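Structure assessment
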Amino acid sequence: MGMTITEKIFAKATGQDSVKAGDLVNANIDIVMCHDVTTPPAISMLKANGIDKVFDTEKIVVTPDHFQPAKDIKSAELHKRLDTWAREKGIKHYYPVGKAGVCHALLPEQGHIRPGEVIVGGDSHTCTYGAFAAFSTGIGSTDLAAAIATGQLWFKVPESMKFVLNGSLNKGVYSKDVILEAIRIVKTDGALYRAMEFVGPALREMSMEARMTITNMAIEAGGKNGIIAFDEVTKEYLDAHLKDKKDYVVFESDADANYVETIEIDCSALEPMIAKPSLPSNGVKISVCAGEAMDQSYIGSCTNGRIEDMRIAAEIMKGKKVAIRTIVVPATPDIWKACIDEGLAEIFYDAGCVFSAPTCGACLGGFMGILAAGEKCVSSTNRNFVGRMGSPKSGVFLASAATAAASAIEGKLADPRNYL
Amino acid sequence: MSKAHVYKRDHINTDEIIPARYLNTDDVAELASHVMEDLDGEFVDKCGAGDIIVAGNDFGCGSSREHAVWALQGAKVGAIIAQTFARIFYRNCINCGFYVVELPGAPEKINDGDDIEIDYKAGVINNKTQGTVIEFNPLPDFAVEIIEDGGLLKHISKK
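Residues numbered from 1 in each chain as written. Chains lettered and ligands numbered in written order. Predicted model: local features only at pLDDT ≥ 70, side-chain atom pairs only at ≥ 80, totals over all residues. Heavy atoms only, no water.

Focus on the interface of chain A and chain B
Selection criterion: The contact definition used throughout considers only heavy atoms, calling two residues in contact when any of these lie within 4.5 Å. When two parts are brought into contact, each loses some accessible area as probed by a 1.4 Å sphere; the total of that loss over both is the buried area. Whenever a carboxyl oxygen of Asp or Glu lies within 4 Å of a side-chain nitrogen of Lys or Arg, that contact is scored as a salt bridge. N or O atoms closer than or at 3.5 Å make up a polar contact, with two conditions inside protein: a donor-capable atom paired with an acceptor-capable one, and, for residues adjacent in sequence, both atoms drawn from side chains.
On the chain B side, the residues contacting the 45 residues of chain A number 36 residues. Overall, the association of chain A and chain B removes approximately 3,400 Å² of surface from exposure, summing both partners, and the carbon and sulfur fraction of that is 55%. Counting across the interface, chain A meets chain B through four salt bridges. Close ionic contact of R81 of chain A with D26 of chain B constitutes a salt bridge, the shortest N to O distance being 2.7 Å. For the interface between chain A and chain B, the tally reads 18 residue pairs in polar contact (both at pLDDT 80 or more).

See the structure below:
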């Protein structure tokens with residue numbers, strides 16, 4: 001039987017000719033991503049266990065992002081621990097405040113993600129990097145500590161589940177709407193332990209930014225990883241972003257590879273989606289929920305805080321005023337600068353938005369846009385669990401950057417197609 | 001005795017187990033004082049040492065934050081019994097030396113307040129209140145070893 005991309009990557013990472021779903025393997029890790037919340041405890045664990053080494057100073061990428069710049073004394077202490085360690089160990093790819101950005105936007109942008117590699121990170125949305133035909137998954141602090149010290153982790157090779165994205169997206173409908181529809185169909189544990197492989201003509205038309213929105217949310221369906229095959233779009237992005245190490249291996253799924261389930265989505269029939277509180281699987285079409293009053297709009301995060309999202313939001317807001325408080329958070333310093341250079345920041349300012357420095361910020365209820373009891377926020381982020389962005393009595397409505405922008409203008413859930 | 005705290009719910013997520021507003025620290029005692037806060041504000045007061053949480057499907061979904069496990073351990077929760085677990089949380093529990101029991105029909109087989117005793121190696125739950133014996137598939141030996149050694153890093157150090 002043939003292998004999926006995910007199985008082929010694991011075969012390479014374990015030096016074998018083939019592996020199959022269900023195999024327990026000890027894989028070599030190519031990149032370990034470290035941020036300010038889960039890495040400081042990993043560092044402390046290593047010290048407590050008398051382990052001082054890091055496996056490779058060039059394969060660990062460090063950026064504070066969740067609470068950066070430090071939001072309070074306690075987060076400043078976390079940052080200090082991260083900073084001291086990164087400098088002491090001579091971590092080559094350390095992005096201190098000023099260079100720091102939301103990790104899953106920063107790593108691809110700065111050229112740390114390559115096809116065919118195994119990437120782990122102390123963050124559940126590490127699955128984002130699968131958009132580049134790599135295996136990537138989120139891990140906790142203990143696994144992170146083990147990965148930092150040894151460059152290896154054990155895995156159970158996941159079964160694969162295929163999502164066929166047919167048709168073509170209509171104007172005003174984006175990859176975020178596609179993934180919200182996919183999660184609505186399979187629910188938040190429908191892909192538990194599985195690789196979610198996305199294929200199909202609608203996907204091939206998407207930019208890398210748009211594809212990353214899809215793989216980013218694989219974890220919201222319980223997936224171990226999300227993965228998308230390499231094509232010309234991937235190559236162009238990599239040509240523009242890879243720096244030191246420019247070689248990589250491209251794997252494709254075999255025609256006779258095994259998939260435990262196949263889900264087909266007709267993207268031509270999709271309309272903008274809203275995932276209502278308090279699960280990402282609570283997706284409904286905008287046509288059935290438009291008009292519900294909001295208190296805040298949030299445009300940012302590792303899901304939809306990239307330059308393409310900023311451009312879409314600015315296009316909708318140009319020459320208009322927002323009716324509710326609106327927070328725009330470009331995910332990295334380069335995206336922030338592009339917003340200035342392209343005149344997007346001015347559009348956001350003129351519309352009455354807060355234009356923030358890069359941070360995960362309010363997406364996870366950290367800071368920079370926390371909700372009070374009873375408040376509702378339309379947000380381009382990835383989770384809407386109880387209390388996710390603030391008070392446990394607030395509500396988060398997940399949407400594309402376009403829908404969040406249109407809703408900001410109207411002060412209620414609104415259809416972005418009316419503004420394009 | 002180990003008292004069962006039953007939540008007849010699916011998708012109890014890491015934001016409910018330990019909200020991100022407390023992730024600016026990794027101090028276990030402080031995390032423990034907020035465990036399950038957004039799901040059940042009374043949990044910390046009513047949870048005794050060794051008590052067990054019982055829930056439905058997909059327990060621990062969401063973030064990779066191991067803080068969720070540390071908060072539960074800090075609050076002296078003995079183990080979690082759920083119908084199914086989210087992947088990262090499940091792995092984190094074993095890595096931290098914390099027992100997890102996968103049990104189909106868990107919220108129906110155990111009532112809130114039941115006094116239960118778990119034999120993790122044998123895969124048997126003794127429900128002393130109801131006088132029933134419930135069997136489950138025990139964790140594989142290597143996972144039990146990691147848990148009994150006090151977690152993955154201690155397990156590695158020991159080797």
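Re the domain arrangement of chain A
All names here are of chain A. Keep this limit in mind: Annotation comment: domain bounds sourced from an automatic or database domain assignment. Secondary structure follows DSSP: runs of H or I at least 4 residues long count as helices, runs of E at least 2 residues long count as strands, and numbering of each begins at the N terminus. Under the convention adopted here, Pro, Cys and the residues Ala, Val, Leu, Ile, Met, Phe, Trp and Tyr are nonpolar, Asp, Glu, Lys and Arg are charged, and Gly plus all remaining residues are polar.
Here chain A is partitioned into domain 1 (5–265) and domain 2 (273–419). Carbon and sulfur atoms make up 62% of the surface buried where domain 1 meets domain 2, a total of about 3,000 Å² over both sides. When residues of domain 1 are sorted by the area they lose upon contact with domain 2, V102, K176 and L180 head the list and together hold 19% of the total. If you look at where domain 1 meets domain 2, you find one salt bridge. Salt-bridge contacts for E220 lead to R383; the nearest nitrogen and oxygen are separated by 3.0 Å. If you look at where domain 1 meets domain 2, you find 22 residue pairs in polar contact (both at pLDDT 80 or more). For the side of domain 1 that touches domain 2, the secondary structure elements donating two or more residues are α4 (103–109), α6 (175–186) and α8 (208–216). A total of six residues in the side of domain 1 that touches domain 2 trace back to one element, the largest contributor, which is α6. In terms of residue class, the side of domain 1 that touches domain 2 is built from 13 nonpolar, 14 polar and twelve charged.

Examining the sheet that holds strand β5 (residues 116–119) of chain B
Residues and elements named next belong to chain B. What counts here: Two strands qualify as a pair provided DSSP detects at least 2 bridges between them. Working convention: axes come from line fits to C-alpha atoms, limited for helices to the stretch in contact. Angles between N-to-C directions cover 0 to 180 degrees.
The three strands are arranged β5-β6-β7 in an open sheet whose pairing can be described as antiparallel. Whereas interior strands pair on both sides, the edge strands pair on one side only; in this sheet they are β5 and β7 (132–135). On average, each strand axis in the sheet is inclined to that of its neighbour by 20 degrees, with strand direction left out of account. Direction of pairing for β5 relative to strand β6 (residues 124–127): antiparallel, over a ladder of four bridges. What sits directly across from D119, in β6, is V124.

Brief notes about the sheet that holds strand β2 (residues 52–55) of chain B
All names here are of chain B. Read across the sheet, four strands follow the order β1-β2-β3-β4 without closing on themselves; strand pairing throughout is parallel. Only two strands of the sheet have a single partner each, and these edge strands are β1 (4–7) and β4 (99–102). Each strand axis lies, on average, 20 degrees off the axis of its neighbour in the sheet, ignoring direction. Sheet topology places strand β3 (residues 79–82) next to β4; four bridges connect them, and they run parallel. From the neighbouring strand, A79 faces β4, where its bridge partner is Y99.

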